[in-house]
Amino acid sequence: MLLATLLLMLSSDGHAHAAAILETSDVLPPGVGGVGMGVEANFGLLWAEDEENYNWICHEAVTSDDAIVLPEYSRSSDGVFLVTVPALEQVREAGKPVYRSPDGCVWEPVTGLDDQVITKVEYAPTDPTQAIAVAANLDETVPSGIFRSTDGGQTFSAVFGVGGLERLFLTAVYRPDDAAQVWASASWFAGAEGYVYYSDDNGQTFTEHPIDVPQDDNDYRVFIIGVQPGVDATAWVAVTSFTRWSIYKTEDGGQTFTTVIADQEGNVTDGAADENGGLWVAVSGRTIHHAPPGGPLAPLERSPNTLGIEIFNDELLVAERPGSIGDVLTVADIDDQQFALRLHLSELNPPPAYCPEDSDTIVRCQPIWELVSARLPAERNVDTGRTRDTGTGKPLGDTASQNPDPSPSSCGCRDGGSAFLLGGLMILWKRRRDRD
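Within every chain, residues take consecutive numbers counted from 1 along the sequence as written. Local features in a predicted model are, by the rule used here, given only for residues with pLDDT of at least 70; side-chain atom pairs are given and counted only at 80 or more, and totals for whole chains, interfaces and linings are based on all residues. Here the side-chain values reflect all heavy atoms present in the structure, with hydrogen atoms and water set aside.

Novice: Describe the packing of aromatic side chains, with residues and values.
Specialist: Pairing of aromatic side chains requires ring centres within 6.5 Å, counting the rings of Phe and Tyr and the six-membered ring of Trp. Pairs whose planes differ by under 30 degrees are stacked, by over 60 edge-to-face, and all others tilted. Applying the stated criterion to the full structure yields 8 aromatic pairs. With centroids separated by 6.2 Å and ring planes inclined at 75°, the aromatic side chains of Tyr73 and Trp107 adopt a geometry described as edge-to-face. Of this pair, Tyr73 sits in strand 5 (residues 72-75) while Trp107 is found in the loop between strand 7 (98-101) and strand 8 (108-109), placing the two residues 34 residues apart along the sequence. Residues Tyr73 and Trp107 agree in their burial class; the two are buried. Look at Phe81 and Trp107: their rings are 5.7 Å apart centre to centre, the planes differ by 45°, and that puts the pair in the tilted class. Placement of Phe81 in strand 6 (residues 81-84) and of Trp107 in the loop between strand 7 and strand 8 is noted, with a sequence separation of 26 residues between them. Accessibility expressed as a relative area gives 0% for Phe81, which makes it buried. Categorising residues by exposure relies on relative accessible area from a 1.4 Å probe, with only protein chains included: less than 20% of the type maximum marks a residue as buried, more than 50% marks it as exposed, and the intermediate range marks it as partly exposed. For Trp107, a relative accessible area of 1% corresponds to the buried category. Among the aromatic residues, ring-to-ring pairing joins Trp47, Tyr73, Phe81 and Trp107 into one connected group. Across from the ring centre of Phe81, 4.7 Å away, lies the NZ or CZ of Arg75, which sits over that ring. By the criteria applied, helices consist of DSSP H or I runs no shorter than four residues and strands consist of E runs no shorter than two, each listed in order from the N terminus. A positively charged side chain is recorded as over a ring if its NZ (Lys) or CZ (Arg) lies within 6 Å of the ring centre. The angle to the ring normal must also be within 35 degrees.

Novice: Tell me about the pattern of salt bridges, and please be specific about residues and values.
Specialist: Whenever a carboxyl oxygen of Asp or Glu lies within 4 Å of a side-chain nitrogen of Lys or Arg, that contact is scored as a salt bridge. Tallied over the entire structure, the rule returns 16 salt bridges. Across the pair Arg92 and Glu93 runs a salt bridge, and its minimum N-O distance is 2.8 Å. For Asp360, the salt bridge goes to Arg92, with nearest N and O atoms at 3.5 Å. Taken together, the residues Asp360 in helix 2 (residues 360-373) and Arg92 in the loop between strand 6 and strand 7 connect sequence positions 268 residues apart. Each member of the salt-bridge network shares a partner with another, and the members are Glu72, Lys120 and Glu122.

Novice: Describe the sheet that holds strand 24 (residues 298-299), listing the residues and the values that go with them.
Specialist: The strand order 21-22-23-24 describes an open sheet built from 4 strands, whose pairing is antiparallel. Two strands in the sheet have a free side with no partner beyond their single neighbour: strand 21 (268-273) and strand 24. Note that strand 22 (residues 279-283) and strand 23 (residues 287-291) share 5 bridges and pair antiparallel. Within strand 23, the position partnered with Ala282 by the bridge is Ile288. Strands are treated as partners if at least two bridges between them are detected by DSSP.

Pasting the structure below:
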């Protein structure tokens, strides 16, 4: 979302996003019935209103100029963006972590979330009036919890809170076809604890359910990696550290869990569920694993290196790690699993021309476009054997050879998405306690 939404531990001066090693973190589809398509990257949001011509929107539209944390975006079915900057020291306006934009040009702070460390904000895919946000506060005096909006993300109010340093909330996910069902997750390191939250009343109330977390030396995060469309109270949950991971399934809103796969090497960075009951999981930035309905989870024979994936309109959308090739968005039909190229970095355009000259996106992004564009590949000069923009191409070649170092470098990556943000939050918390 994605190691997922991990803080970029860069030492760059000013415009760290634009100067970072080019990396992707996730795919940003529109809500149900909406238009557009995006790729979230460490150097900005790559957005195409027509799903073909991608424009660059800099993170600096909502962050401070020297920010290194990665914002996370959501898009409603009626075309409105929400974005969170999960580090209060790096927001554009003091104490304002979440911004809303009706057009990708003007970004205004929302109300009701001031001084919160918001790790995730999400529109309901089927209802653009509803949104959910979760907080992981490092201040003992500020409760962490879950917030809800019913006015299209303009204002939020708390619906579930936990005082003190007892929970760090990481993910919030709607059922793709039903805004009434909402999931969230939280972790806490002090007691190696994990929690899953479920609501069946549009996020008005949540029920908390503990989930087992290994009691070893690893720091585990718990996050929702897939919610099945068309089925009530059914989701998949990852319990993952940087080096070990397990996946569980619940079919009763988190009251009980069954093991899908346990104690694997590596880490889970993202996941998605399809309407047939299949599960797709991005693992360690290298492979995509798939479990058909009722079947075991196993790696695909060939797949792009990726940290973030989504299911949209029966397609698997993959935020491919560009490496030396520069491919950043590939797609495959969920049935034939043949990947095709949708976007190469050489095709990326400047900030949207439809944005007014005095808008945030033009004022803050246009001056640094030259820095970004100079680092983009001029052309795609390697034949990986895939076709363009269809799901019927040849299988991908050896993706490990395309990106010889597939481990995450300086990227901060997404959900399941906020999973590894927790590691960064804990580092900041420990430093703050040491200072105090």
